[in-house]
There are 2 protein chains.
Amino acid sequence: MSDLAGEIAADVAKRLERSKTPIPIGVSNRHCHLTEEHFKILFGAQARPNRIKDIKQPGFWAAEEVIAVKGPRGRLERVRLVGPYRSRTQIELAMTDAKAIGVKPPVRESGDVKGSAGAELIGPAGRLTLAEGVIVALRHVHFAPKEAAALGIKAGEMLRLRCGTGGGRSSVFEDCVARVSDQYSLELHLDTDEAYAAGVKTGDLAYIV
Amino acid sequence: MSDLAGEIAADVAKRLERSKTPIPIGVSNRHCHLTEEHFKILFGAQARPNRIKDIKQPGFWAAEEVIAVKGPRGRLERVRLVGPYRSRTQIELAMTDAKAIGVKPPVRESGDVKGSAGAELIGPAGRLTLAEGVIVALRHVHFAPKEAAALGIKAGEMLRLRCGTGGGRSSVFEDCVARVSDQYSLELHLDTDEAYAAGVKTGDLAYIV
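Residues numbered from 1 in each chain as written. Chains lettered and ligands numbered in written order. Predicted model: local features only at pLDDT ≥ 70, side-chain atom pairs only at ≥ 80, totals over all residues. Heavy atoms only, no water.

1. Topic: the relation of the copies chain A and chain B
Step number 1: Turning chain A through 180° and shifting it by 0.0 Å along the axis lays it on chain B, with an RMSD of 0.0 Å. The transformation relating the two chain copies, once decomposed into turn and shift, fits a two-fold axis. (Least-squares fit on C-alpha atoms with pLDDT ≥ 70 in both.)

As structure tokens, then:
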């Protein structure tokens, strides 16, 4: 077999393997990640976040604490804290949430908050004005390195995933970035706008196409 | 050429033509269609709806009047009336809206309200309890008969349309039903969840794939 034919055959085999692998969907409601400093301002100097539920990505957990996020046109109540503390405060909203309070967040990868939207954060013990940190999360797939390797996927690769087949709102989401880390576990992260558009919920399965 | 080859060639030509035709997107915010009887209950026996803006589909218009829609968990304010009167009251929400007020509408074609969700409707002059009529609209493409014929599309055919290319949230929406009528003008109708999921707004273009 020529080199080219060999490459094509390997590519076809890899694509077949990808298309057969079910990828669990995790739907993120609006939530916040806080620095320790911001947490103390919002909840009090003596307060600590209370873990109530582990989430699928190893090391992350939902906290009991919620804040309000206020924009020029309104406020969102009960925006849940996801722990642990981060080095930069980040508020992840669906675009519907953002429109409701009049903020204009960019679609960004988690952690990329420079020049993103601002908002006022309100907790039971205090409030603060965040100059930047409000984003809409770029949809993405988490892979452990072994999972990515098995499918021939590299970090940063853009993927297309079909969601919601047979539910009346089947959708192929393109522009899904692959994120690979030994801190990760196989999961497609969608926000609520995306999940509702495809008629899916956490635990449903998506397929790379 | 054999019959089969001729059929295949015709199918390929039709698909090429489809894929080249830009289809304008119309994003529907939550809105309501009211019977004359329900309008009078909500706005008063002497009231009439005031047209403020024609919408793209011939004969339909946005009215000045808005109502509140109340469910077990909350209420949505400023749900706009779309005229003219209909023979059945219908409330079209995005799933995000529905979740916010605790109602569970099915995804349905417009007009198909039997057994759909209920809600309380509140206007400046009165209120009423709607037993059924709350739906999430099944995404659909409006075609005038000539437009459908040019692309070889039949009423009821299910289509796939790519939206938002290059905007970071490109999406292929499957399960888009073709609706053909001489009352219609070429347009893909999406709700706000779908529009935000694909990063598109009214006037952006979609393509059949």
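Following the structure, the description resumes.
2. Some details on the pattern of salt bridges
Step number 1: Counting across every chain of the model gives 32 salt bridges over all chains.
Step number 2: Measuring nitrogen to oxygen at the nearest pair gives 2.7 Å for the salt bridge that ties Arg75 of chain A to Glu77 of chain A.
Step number 3: Arg75 of chain A sits in the partly exposed class, given a relative accessible area of 41%.
Step number 4: The partner of Arg169 of chain A in a salt bridge is Asp191 of chain B, and the shortest N-O contact between them spans 3.0 Å. Of this pair, Arg169 of chain A sits in the loop between β11 (158-163) and β12 (171-180) while Asp191 of chain B sits in strand β13 (residues 187-191), on two different chains.
Step number 5: We classify Asp191 of chain B as buried; its relative accessible area is 7%.
Step number 6: Three or more residues are tied together by salt bridges with common partners; here these are Arg139, Asp191 and Glu194 of chain A together with Arg169 of chain B. (Salt bridge = Lys/Arg side-chain N within 4 Å of Asp/Glu carboxyl O. Buried < 20%, exposed > 50% of the residue type's maximum accessible area, 1.4 Å probe, protein only. Helix = DSSP H or I, 4+ residues; strand = E, 2+ residues; numbered from the N terminus.)

3. A closer look at the nonpolar core
Step number 1: Ranked by size, the top nonpolar core spans 44 residues in total, and within it Leu188 of chain A together with Leu188 of chain B carry the most contacts.
Step number 2: Excluding residues within four positions of it along the chain, Leu188 of chain B makes contact with Ile23, Pro24, Ile25, Gly26, His140, Val141, Leu161, Cys163, Cys176 and Ala206 of chain B. (Core = buried A, V, L, I, M, F, W, Y, C linked by side-chain atoms within 4.5 Å. Contact = heavy atoms within 4.5 Å.)

4. Comments concerning the domain arrangement of chain A
Residue and element names in this part refer to chain A.
Step number 1: The domain architecture assigned to chain A consists of domain 1 (2-26 + 139-208) and domain 2 (28-137).
Step number 2: Of note, the centres of domain 1 and domain 2, computed from C-alpha atoms alone, are 27 Å apart.
Step number 3: Counting from both sides, the interface comprises 16 residues of domain 1 and, opposite them, 13 residues of domain 2.
Step number 4: For the domain 1 and domain 2 pair, buried surface summed over both sides reaches about 1,200 Å², with 41% attributable to carbon and sulfur atoms.
Step number 5: At the junction of domain 1 and domain 2, the tally comes to one salt bridge.
Step number 6: Run the count over domain 1 and domain 2 and you get seven residue pairs in polar contact (both at pLDDT 80 or more).
Step number 7: At the level of secondary structure, the elements contributing two or more residues to the side of domain 1 that touches domain 2 comprise β1 (23-28), β12, β13 (187-191) and α5 (192-198).
Step number 8: The element that contributes the greatest number of residues to the side of domain 1 that touches domain 2 is β13, accounting for four residues.
Step number 9: Taken together, the residues that form the side of domain 1 that touches domain 2 break down as five nonpolar, six polar and five charged. (Domains from an automatic or database assignment. Buried area = accessible area lost by both parts, 1.4 Å probe. Polar contact = N/O pair within 3.5 Å; in protein donor to acceptor, adjacent residues only side chain to side chain. Nonpolar A, V, L, I, M, F, W, Y, C, P; charged D, E, K, R; others polar.)

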